[in-house]
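Structure assessment
Each chain, written out:
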Amino acid sequence: MTRLAAREGHTRFSLRELAKEAGLGHNSLYRHFNSVDEMIPELMDDFSRELREGLRQARKAVPPGQTPALTVVSWLLDFALVHQDVFVLSMRQRVGPPGAARTALENNLQAIRQDMLSELGALGHLPTKLPPRMDWALEMVIDQSFGLCIDYIERPDQREDILARAQLSFAWIIGGALAPNAQSR
């Protein structure tokens, strides 16, 4: 389903066409969903659960004294390559029209930001007292990281450059948010 949705866009096919592509009877999907639009949020939630757990493990694996960007984004790039159809579909949902799928994605991204905030703080990568703008900074880090995943899917031979950009982006965004003279909300 994700391959078809990533290739065609999820609004361009029906559950019947999806079932045919998957080699299933046309009624098999209709027992669970009324439309593709109803199916996408569940797909996003399943993907998000796996992504969040992997990110948790990657953050825990950051060597002492090292910033998390290299370890976490390295894991994320590998994950994106394995799940490239869902990444492409997610990016389309992120910039696409409002709807249940986009809302599900935004909720999942908010959960990832909250995970980052609490886990990076607990692991000592962020100070205990954070400015209110840190949520915005983490949103930018996630957006940048997911964009780099799309770059990596398209050009896996550029891994080292993409990882260097991830480290630099993380340092700039987080450093700017923590700067004492940065404007607050």
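These numbers come from a predicted model, not from an experiment. Residue positions are given per chain, counted from 1 along the sequence in the order it is written. Thresholds applied to this predicted model are a pLDDT of at least 70 for local features of residues and 80 or more for the giving and counting of side-chain atom pairs; totals over whole chains, interfaces and linings are not thresholded and use all residues. Side-chain calculation: all heavy atoms of the structure are included, whereas hydrogens and water are not.

1. Considerations on helix α6 (residues 84-95)
Note the cut-off: Secondary structure is summarised from DSSP: a helix means a run of H or I of at least four residues, a strand means a run of E of at least two, and numbering begins at the N terminus for each. An expected span of 1.5 Å times one less than the residue number is assigned to each helix. Only protein chains enter the accessibility calculation, which uses a 1.4 Å probe. A residue is then buried if its area is under 20% of the maximum for its type, exposed if over 50%, and partly exposed in between. The reported arc concerns the directions from the helix axis to the C-beta atoms and nothing else.
With 12 residues, α6 extends 17 Å from end C-alpha to end C-alpha; this agrees with the ideal 16 Å at 1.5 Å per step. Along α6, the residues classified as buried are Val-86, Phe-87, Leu-89, Ser-90, Gln-93 and Arg-94. Down the axis of α6, the buried set is contained in an arc of 165 degrees. They therefore lie on one face.

2. Focus on the packing of aromatic side chains
Inclusion rule: Pairing of aromatic side chains requires ring centres within 6.5 Å, counting the rings of Phe and Tyr and the six-membered ring of Trp. Pairs whose planes differ by under 30 degrees are stacked, by over 60 edge-to-face, and all others tilted.
Overall, the coordinates contain five aromatic pairs when judged by the stated rule. When the centroid spacing of 6.3 Å and the interplanar angle of 75 degrees are considered together, the rings of Phe-79 and Phe-87 count as edge-to-face. For Phe-87, a relative accessible area of 0% translates into the label buried. Between Phe-87 and Phe-146 the ring centres are 5.2 Å apart and the planes differ by 50 degrees, which places this aromatic pair in the tilted class. You can see Phe-87 sitting in helix α6 and its partner Phe-146 sitting in helix α8 (residues 134-154), a full 59 residues away along the chain. Both residues of the pair, Phe-87 and Phe-146, belong to the buried class. An aromatic cluster of at least three residues, connected via ring pairs, comprises Phe-47, Trp-75, Phe-79, Phe-87 and Phe-146.

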